[in-house]
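Listed here are the chains, written in short residue letters.
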Amino acid sequence: MQRKYEINMEINRKLEHLTEEQIEEVITMYKDKSIRLSNIISKYNIDVKPSGLLSILPPIKTDEVCAICGAYLYQKLKPRTGYASDSQKDKFCLECGHWVYAKSIWETKKFTCEGCKAIAKAEEERKKKQIQEIYSKEKAQINFTELTLSDQIKLVYVLMNNSFHNVSEIAPMEPEGKWIQYINRLTEIKAISVSPESAVNAFCKENFPNEYYVAKVQYNVNVIFDDEILYKINNNSYFIENSNEEELIILLKKYIYDDLIRQFEDMLNSRRLQLHISENANDKFIELIDKISYTQILTLCNRVAVFFSDKVLTGNMSKSMAKNAALLNVSKFYDRAIQSDWTINHAEICHIGKELQFFIERILNKKTTILKDIASAENLRKWKNLEKDYNRQTAYAEE
């Protein structure tokens, strides 16, 4: 049977011939770097190589006590060649198995002993109760028709891109595109509110639980949908049937603008250039949306990106100048094309953003090929008539 050292500690068989006092002497001598390890091994007749002495020595008792059971904590001896201080080494309890992990910039260690797990579970329950107390208050319900058209579309976008697939809850989502912006707006108008069922780690540690991560919490939807409206939304007919044409076109232009700027930035970034948006250049860029189609503006954006990239690469323009002049030159390229009677080709519709695609397909109930036309109320009516003509032709064919 192996002898015990201090509390419930097994002594390595290579030290069994030593008394407890002699083991303590070995530990003391090991800590003294002026004493050679070979001399310690020889003096105490320990059957081990110098490099293996540390591995057979028992841990040493510290002055700290276990937070779980109150017994003293232990820690392993520090290697002679190590740089870590005693405070940087893990401590552990031989009575209950509790570990106190040293802080490390390299890794986060999890609780392993039953005592820690119980404490962690109790803390988790306490925090859940706090979340419930703050976020379970009843919220006023809003009728869907009371929302503005813009907010209705934001809510429908969020619901249709939500993994819960219902109209009463919104699941945590990876923040991409306009998601955070939409969630913040819907929270602001009280169309949605943080769910008391949100996970504890969805809330910031500081100022818990009043601060939270927008994309990590769940939300409850405080909007009431009429069954008929919900049916039409799901069939992509509600907005085109019940919305003002001018309002729809204004929103379409906004979605087109956002997507064009995103794509232009991507074009420049892929060439290691950046985009600065000045007020004057922005106003002229917005004017283009009334003059030519989305696909034609994309063509101009690409030409400007290539032109400025070549200028920078050949040393004829600085990156700073390219950054400040790029957006304005989209309008200048358009003016030059008109003056020279050049045809502006249509770019391929291949990298359209989710928000613009959603607006066209689910709100306007059209195909993205309409982006080859100028966004106008007149064209919206034309798109509607084309759809009616197509439906008539389909009906005749069936008869």
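Residues numbered from 1 in each chain as written. Predicted model: local features only at pLDDT ≥ 70, side-chain atom pairs only at ≥ 80, totals over all residues. Heavy atoms only, no water.

S.K.: For this particular structure, what's the right way to read the pairing of strand β1 (residues 60-65)?
M.R.: In the case of a regular strand, side chains alternate between the two sheet surfaces. Sheet topology note: the β1/strand β2 (residues 72-75) ladder contains three bridges and is antiparallel. The partner of K61 across the bridge, within β2, is Y74. Connecting β1 to the next strand, β2, in antiparallel fashion are six residues, including G70 with a positive phi near 90°. (Pairing = 2+ DSSP bridges. Helix = DSSP H or I, 4+ residues; strand = E, 2+ residues; numbered from the N terminus.)

S.K.: Would you mind going over the packing of helix α9 (residues 245-269) against helix α11 (residues 294-313) with me for this structure?
M.R.: Any two packed helices are characterised by the angle at which their axes cross and by the distance between the axes. Across the interface, α9 lies against α11 with an axial gap of 10 Å and an inter-helix angle of 25°. Taken together, α9 and α11 sit at an angle that is classed as roughly parallel. When you trace α9 past α11, the crossing you get is right-handed. Residues I256, D259, L260, Q263, F264, M267 and L268 of α9 form the contact with α11, whose participating residues are Y294, I297, L298, C301, N302, V304 and A305. When its residues are assigned to classes, the contact of α9 with α11 shows 11 nonpolar, two polar and one charged. (Axes fitted to C-alpha atoms, helices over the stretch in contact; angles between N-to-C directions. Parallel < 35°, antiparallel > 145°, perpendicular 65-115°, else oblique. Left-handed = near helix turned anticlockwise from the far one by under 90°. Contact = heavy atoms within 4.5 Å. Nonpolar A, V, L, I, M, F, W, Y, C, P; charged D, E, K, R; others polar.)

S.K.: Looking at this model, I keep getting lost on the nonpolar core. Mind explaining?
M.R.: Most often, soluble globular proteins have nonpolar side chains that are buried together. The biggest cluster of nonpolar side chains holds 85 residues, and the ones touching the most others in it are F144, L155, L252, F264 and F285. With sequence-adjacent residues up to four places away left out, F285 is seen in contact with Y257, L260, I261, I297, C301, L327, V330 and S331. (Core = buried A, V, L, I, M, F, W, Y, C linked by side-chain atoms within 4.5 Å. Buried < 20%, exposed > 50% of the residue type's maximum accessible area, 1.4 Å probe, protein only.)

S.K.: What's the story with the side chain of T295 in this structure? I'm lost.
M.R.: Its place among the elements puts T295 in helix α11. Judged by relative accessible area, which is 0%, T295 ranks as buried. Leave out the neighbours within four places in its chain, and T295 touches N345, H346, A347, I349, L371 and K372.

S.K.: Could you clarify how one ought to interpret the sheet that holds β1 in this entry?
M.R.: What holds strands together in a sheet is hydrogen bonding between their backbones, with the strands either parallel or antiparallel. The strand order across the open sheet formed by four strands is β1-β2-β3-β4, and the pairing between neighbours is antiparallel. A single partner strand is all that each edge strand has here, and the edge strands are β1 and β4 (99-100). Two strands pair when backbone bridges link them, and β2 and strand β3 (residues 91-93) are joined in this way by two bridges, in the antiparallel orientation. Residue pairing for β3: Y74 is matched across the bridge by F92.

S.K.: Where do I start with the sheet that holds strand β8 (residues 219-221) in this structure?
M.R.: Taken together, three strands build an open sheet; the order of strands is β6-β8-β7 and the sheet is antiparallel. The open sheet has two edge strands, β6 (169-170) and β7 (192-194), and neither has a second partner. Note that β7 and β8 share three bridges and pair antiparallel. Note on β8: the bridge partner recorded for I192 is V221.

S.K.: I'm lost on α11 in this one. Help?
M.R.: Along an α-helix, residues three or four positions apart point the same way, because every turn accommodates 3.6 residues. In a regular helix each residue adds 1.5 Å, so 20 residues correspond to 28 Å; α11 covers 28 Å between its end C-alpha atoms and thus fits that length. At the C-terminal side of α11, G315 shows a positive phi close to 80°. (Expected span 1.5 Å × (residues − 1).)

S.K.: I keep staring at unusual backbone geometry and nothing clicks. Help me out?
M.R.: The bulk of non-glycine residues show a negative phi, and the bulk of peptide bonds are trans. Cis geometry is found at the peptide bond from F208 to P209, where omega equals -5°. Tracing the chain through its elements places P209 in the loop between β7 and β8. A positive phi angle, near 60°, is found at R272, a position not held by glycine. Following the sequence through the fold, R272 ends up in the loop between α9 and α10 (279-288). Judged by its relative accessible area of 69%, R272 falls in the exposed class. Phi at D341 is positive, roughly 60°, even though this residue is not glycine. By the element assignment, D341 lies in the loop between α12 (319-339) and α13 (354-363).

S.K.: What is the right way to read the environment of K43 from this model?
M.R.: Mapping K43 onto the fold places it in helix α2 (residues 37-43). In this structure, the C-alpha to C-alpha distance between K43 and V26, residues 17 residues apart in sequence, is 9.5 Å.

S.K.: What is the right way to read the confidence of the model for the protein chain from this model?
M.R.: Do not read the predicted coordinates in detail wherever pLDDT is low. Chain-level pLDDT for the protein chain is 88 on average; 90% of the residues reach the 70-or-more range. Confidence drops under pLDDT 50 across residues 1-8; counting only partners more than four residues distant or on other chains, this segment forms 33 contacts. Long-range and interchain partners of residues 388-399, a stretch whose pLDDT sits below 50, account for zero contacts in this model, where long-range means more than four residues apart. (pLDDT = per-residue confidence, 0-100.)

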